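# Commentary on secondary and tertiary structure
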Amino acid sequence: MGKYLLLWRLDPARVPADPKERAAGWSGLMAMVERDLEKGISKDWGSFIGEGRGYAIIEGSEIEVSLMTQQYSPYVRFEVHPIMSAGQVEDMLKAMGG
């Protein structure tokens, strides 16, 4: 099981100009975020204030992460970065002979 940093951003072309419509859209997205947190695939989630962008820390297989991101399409775009823990970096350094 891998760990990933996801940087997300809303597709501005799909964000309604009307504040009530925008709030309804955000509510639907937040319901999906809450489900991902409850299921345990999302470990942390945050929004950069006023930017329509943010981050998530995800744990799962490549398939699980792909399925999780697809549920937000086409409203949210993701940049996905596999990450290593400090322990994994230490193991890598040991394997290198350091």
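Look above for the structure.
The following refers to the structure shown. (Residues numbered from 1 in each chain as written. Predicted model: local features only at pLDDT ≥ 70, side-chain atom pairs only at ≥ 80, totals over all residues. Heavy atoms only, no water.)

Bringing the packing of aromatic side chains into the picture now. Enumeration over the complete set of coordinates arrives at four aromatic pairs. Ring plane angle 10 degrees and centroid distance 5.4 Å describe the contact between Trp8 and Trp45, whose orientation is recorded as stacked. Linking Trp8 in strand 1 (residues 2–10) with Trp45 in strand 2 (residues 42–48), this pair joins segments that are 37 residues apart in sequence. Overall, Trp8 belongs to the buried group, its relative accessible area being 5%. On the numbers, 5.8 Å between centres and 70 degrees between planes, the contact of Tyr72 with Phe78 is edge-to-face. Judged by its relative accessible area of 6%, Tyr72 is buried. Ring pairing ties together the aromatic residues Trp8, Trp26 and Trp45, which thus form one cluster. For Arg14, the ring lying beneath its charged end belongs to Tyr75, and the centroid distance is 5.8 Å. (Phe/Tyr/Trp six-rings, centres within 6.5 Å; stacked < 30°, edge-to-face > 60°. Helix = DSSP H or I, 4+ residues; strand = E, 2+ residues; numbered from the N terminus. Buried < 20%, exposed > 50% of the residue type's maximum accessible area, 1.4 Å probe, protein only. Lys NZ or Arg CZ within 6 Å of the ring centre and 35° of its normal.)

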